[in-house]
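Residue-level listing of the chains:
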Amino acid sequence: MIKRIIILCASLLLSMTVTAELEIQITQGVDNPTSIAVVPFGWQGNGKLPENIANITSSDLERSGLFSPVDPDNLLDLPRPGDKIFYRDWSILGAEYILTGNLEVRNNQYFLNYELHDVFAQKKAFSLTVEAGLLELRAIAHFVSDKVYEHITGIKGVFSTKIIYVEAINKDSYKLVVADADGERPSVLVQSKYPMLSPNWSPDGTSVAYVSFETGRPAIFIQNIRTQAREQVTNFRGLNGAPVWSPNGKKLAMVLSKDGNPEIYTLDLKTRIFTRITKHFSIDTEPNWARDGQSIIFTSNRGGKPQIYQVTLASGRVERLTFEGDYNARPRVSPDGKSLIMVHRSERSGTFHIASQDIATGALRILTETHLDESPTIAPNGAMLLYATRYKGKGILAAVSLDAGVKYRLPSKEGDVREPAWSPFLY
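### Some words on the overall build of the chain
- Scanning the chain from N- to C-terminus turns up 4 helices and 32 strands.
- In terms of overall size, the chain behaves like a compact globule, its C-alpha atoms giving a radius of gyration of 23 Å where 427 residues would be expected to give roughly 22 Å.
- Along the three orthogonal principal directions, the C-alpha set of the chain runs to about 70 × 45 × 40 Å.
- The buried share of the chain, taken over its 427 residues, is 54%.
- Put simply, 46% of the contacts in the chain that link residues at least 6 apart link residues at least 24 apart.
- Working note: accessible area of the chain is about 19000 Å², and carbon and sulfur atoms make up 47% of it.

Here is the structure:
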């Protein structure tokens, strides 16, 4: 079976300005990761490949924290797809799975044949052929990683997704950067001498909404990832902030103070009609849609301190969701709709951490151990989340699994990075 990779942002990434890469530093994995031998892939072509697909796949799997790749120097053999596998030898090495591949080029396209073998079951788990353009070797590797990860864990992989974040070089240089989920292939979507905030992906991954101060006050823009076509969608006096797409992509929720107080509004992107959702003398901000699109979760200080509330759109009924801690803000709902991710501060510690709350039971779990943590964003498979924090006096991105068992950092080699947003699945 041939699966063709369609890279949503390929044309854009080739044309945008390249910026400094993020550097992954794994700090914690699970106690008993799955051992996998990623055999160096065969190459049927001229010259040397610009990317080592096996190494990229191995790094992807290791970064998930669930896999421990076998050191390539310890491999007993270098089989290719179709070769006989001597499972007993690999079992002695401690490998639970073996990944083999062979790459060739035909008609200006790469074709990768690859196989995953289950050592314990002593059989081939699956074999696939992937086709992609000559500039998409990393995309091929991430696609392979996704398929291996999904087969072994039962969870769809996110190695082929993208992240977007704000990089601040100094007080007069800001970049909105799109990169692979591993921080590689960074490209500048927008560069400005004015601050940018709150990037948020459309559900189909084609566009991003964000806030820019280029007009002299905060304004919300929508930009197409592929064409770079851009439009300004708000121009009100006061606050225009925190845009977030509805699950069906037809509306934006946002914060506007055009009527005198920061309130939650929605914008119908077809009719361009704004609808006021909250009506309270306190500050209502940081909206996020419930997964069914029938309610909006937001931050408000209407109880005296920032806490998280939910408003049902049909009735306008407002319900408080968080009670533990003296500060809970920036709510994000997990893809399965069961967990609420937030910035949390307990009265005892006085430190901002990222926490997860079970929506049904209210049980709260602290996920991070760093300080000044903010801006959580959840991977579309619900397994990991990114957030902004400080490390060695610098703004960086960090990642943690929702069970807090896996952690890694993504510091920038150049400026401070902040405001991350994880894309939806792109294929």
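### A word on a nonpolar patch on the surface
- Taken together, Val105, Leu134 and Leu135 make up a surface patch of nonpolar side chains, about 250 Å² in accessible area.
- Within the secondary structure, Leu135 is located in the loop between strand E8 (123-133) and helix H4 (137-153).

### Description of the layout of surface pockets
- Taken as a whole, the largest pocket spans an internal volume of roughly 1000 Å³.
- Lining the largest pocket are 49 residues; nearest its centre among them are Asn200, Val244, Asn288, Arg332 and Thr377.
- Secondary-structure elements contributing two or more residues to the lining of the largest pocket are strand E12 (196-201), strand E16 (240-245), strand E20 (284-289), strand E24 (327-333), strand E28 (374-378) and strand E32 (416-422).
- Of the residues forming the lining of the largest pocket, the biggest block, 6 residues, is contributed by E16.
- Counted by class, the lining of the largest pocket contains 31 nonpolar, 11 polar and 7 charged residues.
- In this structure, the second largest pocket occupies an estimated 280 Å³ of space.
- Lining the second largest pocket are 19 residues; nearest its centre among them are Ser64, Leu66, Tyr149, Ala383 and Met384.
- Its residues placed into classes, the lining of the second largest pocket shows 13 nonpolar, 4 polar and 2 charged.

### Observations regarding the sheet that holds strand E22 (residues 307-312)
- Spatially, E20-E21-E22-E23 is the arrangement adopted by the 4 strands of the open sheet, whose pairing is antiparallel. Two strands lie at the open edges of the sheet, namely E20 and strand E23 (318-320), each paired on one side alone. Shown here is a sheet whose adjacent strand axes are inclined to one another by a mean of 30°, direction ignored.
- Sheet topology note: the E22/E23 ladder contains 3 bridges and is antiparallel.

### Concerning helix H2 (residues 53-63)
- Among the 11 residues that make up H2, 8 are buried, leaving the element largely enclosed by the rest of the structure.
- All of the buried residues along H2 are Ile53, Ala54, Ile56, Thr57, Ser58, Asp60, Leu61 and Arg63.
- Along its buried surface, H2 packs onto strand E2 (25-28), strand E3 (34-38), strand E5 (67-69), strand E6 (97-106), H4 and strand E31 (407-410).
- For H2, the capping residue at the N-terminal end is Asn52, with a side-chain oxygen 3.2 Å from the backbone nitrogen of Ala54.
- Directly beyond the C-terminal end of H2, a positive phi value near 80° is found at Gly65.

### Concerning the pairing of E22
- The element E22 is extensively covered by neighbouring structure, given that 5 of its 6 residues are classed as buried.
- Taken together, the 6 bridges between strand E21 (residues 295-300) and E22 define a ladder with antiparallel strand orientation. Residue pairing across strands places Ile296 opposite Val311, the latter belonging to E22.
- Connecting E21 to the antiparallel partner E22 that follows it, the hairpin turn spans 6 residues, and Gly304 within it adopts a positive phi of roughly 110°.
- Once E22 ends, the chain turns through 5 residues before running back antiparallel as E23, passing Gly316 with a positive phi of about 80°.

### Quick notes on the pattern of salt bridges
- Within the structure shown, the criterion is met by 19 salt bridges.
- Across the pair Glu115 and Lys124 runs a salt bridge whose closest N-O atoms are separated by 3.7 Å.
- With a relative accessible area of 8%, Glu115 lands in the buried category.
- Among the residues examined, Lys124 registers a relative accessible area of 41% and is labelled partly exposed.
- Where salt bridges share partners, they join Glu136, Lys162, Asp180 and Arg185 into one cluster.

### Things to note about the sheet that holds strand E30 (residues 394-401)
- Reading across from one edge, E2-E31-E30-E29-E28 is the order of the 5 strands in this open sheet, with antiparallel pairing throughout. Both edges of this open sheet fall to E2 and E28, since each of them pairs with a single strand only. In this sheet, neighbouring strand axes are inclined to one another by 25° on average, regardless of whether the strands run parallel or antiparallel.
- Taken together, the 8 bridges between strand E29 (residues 384-391) and E30 define a ladder with antiparallel strand orientation. The partner of Leu385 across the bridge, within E30, is Val400.

### Section: unusual backbone geometry
- In this model, Arg185 sits at a positive phi of 55°, which is unusual for a non-glycine residue.
- Relative to the helices and strands, Arg185 resides in the loop between strand E10 (173-180) and strand E11 (187-192).
- Residue classification places Arg185 among the partly exposed positions, given a relative accessible area of 22%.
- We note that Arg330 has phi near 50°; this positive angle belongs to a residue other than glycine.
- Within the fold, Arg330 resides in strand E24.

Calculation criteria
- Residues numbered from 1 in each chain as written.
- Predicted model: local features only at pLDDT ≥ 70, side-chain atom pairs only at ≥ 80, totals over all residues.
- Heavy atoms only, no water.
- Helix = DSSP H or I, 4+ residues; strand = E, 2+ residues; numbered from the N terminus.
- Rg over C-alpha atoms; globule rule 2.2 N^0.38 Å.
- Buried < 20%, exposed > 50% of the residue type's maximum accessible area, 1.4 Å probe, protein only.
- Contact = heavy atoms within 4.5 Å.
- Areas by Shrake-Rupley, 256 points an atom, 1.4 Å probe, with all protein chains shown as cover.
- Patch = residues over 30% accessible without salt bridge, like charges linked within 9 Å, V, L, I, M, F, W, Y side chains within 5 Å.
- Salt bridge = Lys/Arg side-chain N within 4 Å of Asp/Glu carboxyl O.
- 1 Å grid on protein atoms, 1.4 Å probe; cavity = no way out; pocket = protein on both sides within 12 Å on 5 of 7 lines; lining within 4 Å.
- Points joined across faces, edges and corners; volume = space filled by probe spheres on them.
- Nonpolar A, V, L, I, M, F, W, Y, C, P; charged D, E, K, R; others polar.
- Pairing = 2+ DSSP bridges.
- Axes fitted to C-alpha atoms, helices over the stretch in contact; angles between N-to-C directions.
- Polar contact = N/O pair within 3.5 Å; in protein donor to acceptor, adjacent residues only side chain to side chain.

Read these as spatial facts, not as claims about activity.
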